[in-house]
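Residues per chain, in single letters:
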Amino acid sequence: MIDLESRARKFAGKGLAELTDAEVCRLLEGLVRERAAQMPTNPGKRRLYYLSAEFLIGRLLATNLINLGLYGEVRDQLAAAGHDINRVEECEVEPSLGNGGLGRLAACFLDSMATLGLPGDGVGLNYHFGLFHQRFVDGQQTALPDEWLAEQAWLAEEPTSFTVPFADFSVTSRLYTVDVLGYGRGTRNRLRLFDLVGVDDSLVPADSIDFDKDALRRNLTLFLYPDDSDEAGRLLRVYQQYFMVSNAAQLIVAEALERGSDLHDLADYAVVQINDTHPTMVIPELIRLLVDEHGLGFGEAVGIVSSMVAFTNHTILAEALEKWPLAYIERVSPRIAEVIEKLDELVRAEHPEPQVQIIQDGVVHMAHLAIHYGFSVNGVAELHTQILEQTELRPFFDLYPQKFSNKTNGITFRRWIMACNPALTALLDHTLGTDWHRTGDLTGLLAHRDDEEVLQGLAAAKDDAKARMRDFLWHSQGVRVPEDAIIDVQVKRFHEYKRQQMLALYLVWKWMDIKNGNIPPRPITVVFGGKAAPAYTIAQDVIHLVLTLSKWIAADPDVAPYLQVVMVENYNVSAAERLIPAADISEQISLASKEASGTSNMKFMLNGAVTLCTLDGANVEIADLVGEGNIYTFGTSSAEVERLYREGAYDPAAYYRRPGIKLLVDFLVNPRFAAMGNPERLRRLHDDMAGHDYFMALLDLEEFIQAKERVYADFEDRQAWLRKSLVNVAQAGEFSSDRTIAQYDRDIWHLR
Ligand code: 26Q
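Bear in mind that the values here come from a model prediction, so they are computed numbers and not experimental data.

Asks: Quick question: what am I supposed to make of the sheet that holds strand β19 (residues 585–588) here?
Replies: Picture the strands of a sheet paired through backbone hydrogen bonds; they go either parallel or antiparallel. Judged by pairing direction, the sheet is parallel, and its six strands sit side by side in the order β18-β17-β16-β19-β20-β21 without closing on themselves. Unpaired on one side and paired on the other, β18 (563–568) and β21 (632–633) mark the two borders of the sheet. Pairing of strand β16 (residues 486–491) with β19 involves two bridges; the strand directions are parallel. Each bridged residue has a counterpart across the sheet, and for Val-489 the counterpart in β19 is Ser-586. Packed on one face of the sheet, helix α19 (residues 452–477) meets β16 and β18 and runs near 65 degrees to β18.

Asks: Where do I start with the pattern of salt bridges in this structure?
Replies: Pairs may arise between side chains of opposite charge once their charged atoms sit close together. Applying the stated rule across the entire model yields 44 salt bridges. The residue Asp-584 makes a salt bridge to Lys-466 at a minimum N-O spacing of 2.7 Å. In this pair, Asp-584 is assigned in the loop between α22 (573–579) and β19 and Lys-466 in helix α19, connecting sequence segments 118 residues apart. Here Asp-584 and Lys-466 have matching classes, each one buried.

Asks: Just checking my understanding: could you explain the sheet that holds strand β12 (residues 359–360) for this structure?
Replies: Strand order in the open sheet made by the three strands is β11-β13-β12, with antiparallel pairing throughout. What marks the edges here is a single partner per strand, and that holds for β11 (323–325) and β12.

Asks: Teacher, can you tell me more about the nonpolar core here?
Replies: In globular proteins that are soluble, nonpolar side chains generally tend to be buried together. The biggest cluster of nonpolar side chains holds 213 residues, and the ones touching the most others in it are Leu-28, Phe-166, Ile-287 and Met-308. For this core, the element with the highest residue contribution is helix α8 (residues 231–258), accounting for 14 residues. Each of domain 1 (21–374) and domain 2 (484–717) accounts for three or more of the residues forming this core. Listed in part, the 72 residues of the second largest apolar core include Ala-504, Ile-524, Val-665 and Leu-699.

Asks: It is not clear to me how the pairing of strand β17 (residues 524–529) should be interpreted in this structure. Could you clarify?
Replies: Side-chain positions along a regular strand alternate between the two faces of the sheet. Most of β17 is tucked away: six of the six residues are buried. The two faces of β17 match: Ile-524, Val-526 and Phe-528 on one face and Thr-525, Val-527 and Gly-529 on the other face are all buried. In this structure, β16 lies alongside β17, joined through six bridges in parallel fashion. When the bridges of β17 are listed, Ile-487 appears paired with Thr-525. Handedness of the crossover joining β16 and β17 through helix α20 (residues 500–515) is recorded here as right-handed. In this structure, β17 lies alongside β18, joined through six bridges in parallel fashion. For Thr-525, the partnering residue across the bridge sits in β18 and is Gln-564. Handedness of the crossover joining β17 and β18 through helix α21 (residues 537–554) is recorded here as right-handed.

Rules of the game
Residues numbered from 1 in each chain as written. Predicted model: local features only at pLDDT ≥ 70, side-chain atom pairs only at ≥ 80, totals over all residues. Heavy atoms only, no water. Pairing = 2+ DSSP bridges. Helix = DSSP H or I, 4+ residues; strand = E, 2+ residues; numbered from the N terminus. Contact = heavy atoms within 4.5 Å. Axes fitted to C-alpha atoms, helices over the stretch in contact; angles between N-to-C directions. Salt bridge = Lys/Arg side-chain N within 4 Å of Asp/Glu carboxyl O. Buried < 20%, exposed > 50% of the residue type's maximum accessible area, 1.4 Å probe, protein only. Core = buried A, V, L, I, M, F, W, Y, C linked by side-chain atoms within 4.5 Å. Domains from an automatic or database assignment. Right-handed = clockwise from strand over helix to strand, strands pointing away.

Right, dumping it as structure tokens:
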């Protein structure tokens, strides 16, 4: 039992009812911290260190209360004192310490490791400014600094501190900890974030994200990278990465020593999972420490480290694979450059094939380093892993087939249904009991596919989520959404391969169709959300197109009652928690072969949305699970897309010339439309789509339009739709990150 009333008196000298929502929030944060402090960390000789440049943890109050088993009690006591717990939750700043999928995955994994009682901590950087805050000005994205640190409540300063030696200076670090509480477990893990002593927040101005990239002694942990577009920025990124991995390596060694390791047996004490290539330099750094600081022989050190480090790949886009000039690494740390050169020589001696070398033309291929000197390589969905093995990393798979495996991504159910969708959670609890909170098993729902009460319950839960979303959109964006609208959502980073531009072209088509008198049976609201890297011009242009379309349609009285386009400003984890539960349709329309997995697809499915997708990433597995009648797939297969690239056989101009397509693309340069936006941006996007279209949006456009019309029509058979929705929820258990983490442990980490 907790007594919030007496806690309030102690905390602020007034009753619970007298506190502001913000004060209640502080009170509850204190309660959580107090409970966490009493919990022991998960025990185990071999500990997992999950190294990641990003941990997109989102707000923590609600999920921490859920994991402590206190949420219901707190909600009820607050309600009795006149406080709405949702309003209280909104008083917390969101830590946006990640860009998107990769960072959010790391956060879900932390929750699952703690829930399974595995001894595993996250290790990363304590960015003073998280992912930029997005604002729309004149129909365009502007980027503002995200100053989250001043108001956060979860970081605790630790006595731990290390010296990180750079080429011509050294810096001191300081460790901060965020407790990670397992669901109903009584133990905890930690997210451990290193900060730079002497970091200078004043380098970042209030109104822009430009700062002095050369002030290295003062900026190493200032800023989370949204891209790597300029030279000074790229070099800073290497400094930042080395700062991260040097701290991580020193921590790993120090803790192993403390627990009795003689370092020859370090691999019995620690296993390191690296989240994409960003922390790859932990390999040479661990070797450096073992050799230079602890006197081990080079060969032995290489052997030890190679049996400790496992690598997850998250991308098949060639341009996103990290390659750093050796000269950069030399400037950051000559010793690390030297270790990498030695590792490269060892590879050369053994494997002469040029395509598997670590250093090629003076450039270090980070993934190659990680594969040769790690013991495990995994992809994040079945199709993705298959493409890695058969195409992208084929020469490596031929060398080391035993290192490769698939670990399909997952999401934590505590946040992505229990915290964000109370009505659906209550329905599932009522129908199935609460075992699914831990097992993730929702297949019991299948027995209810013809159960009228459950189907109506699903409809009511969706209505509840939609009401919450409307409230959110009204209060945060000033947008009104009709009560009976179909909610059709595409939320993710703006990137050409994700093809938001294809959905925008569909909207042009739909606008024309309604203009022609084809009135939809109910209003359709299409919701976009996402940020574009500030230096990624075409992605900015696509955002601009969406914003301009939104304005254009809203201004057309013939169409506005039936079609609405909402572009949510500053899409982040908190916005996702409001939008995803409300969705009827989940847009997962990447060019097949390009999306490694996707994880929002899993969140939407769990919340009862029906997926409209290409057979890409984990969509393929979703389609297998729910079966043909419960998902809409369209578009060119990944094998065919790969062939088109290989043979240079895609000709966008040929598609552009088709009359139906030309009409839509040319709408971007229609003088009346262009006058509503920025003609230069729209012209550039038009020309790119018509003549270049690297990610083949026009290739699948016609099929996409047909599929969308089918989905909207099918939505009107309410009974049949609810059944599809039920099957999606029922089969979502496969995508619990508890399942994913159990597989990492079983196949890679062997923690217990
Ligand atoms: C690299 C170099 C310099 C600066 C920045 C970066 C950088 C930063 C972030 C490169 C990549 C990222 C993020 C990648 C990412 O989020 N990938 C997504 O990972 C998800 C989890 O596995 C998958 O579901 C998505 O399919 C994949 O796109």
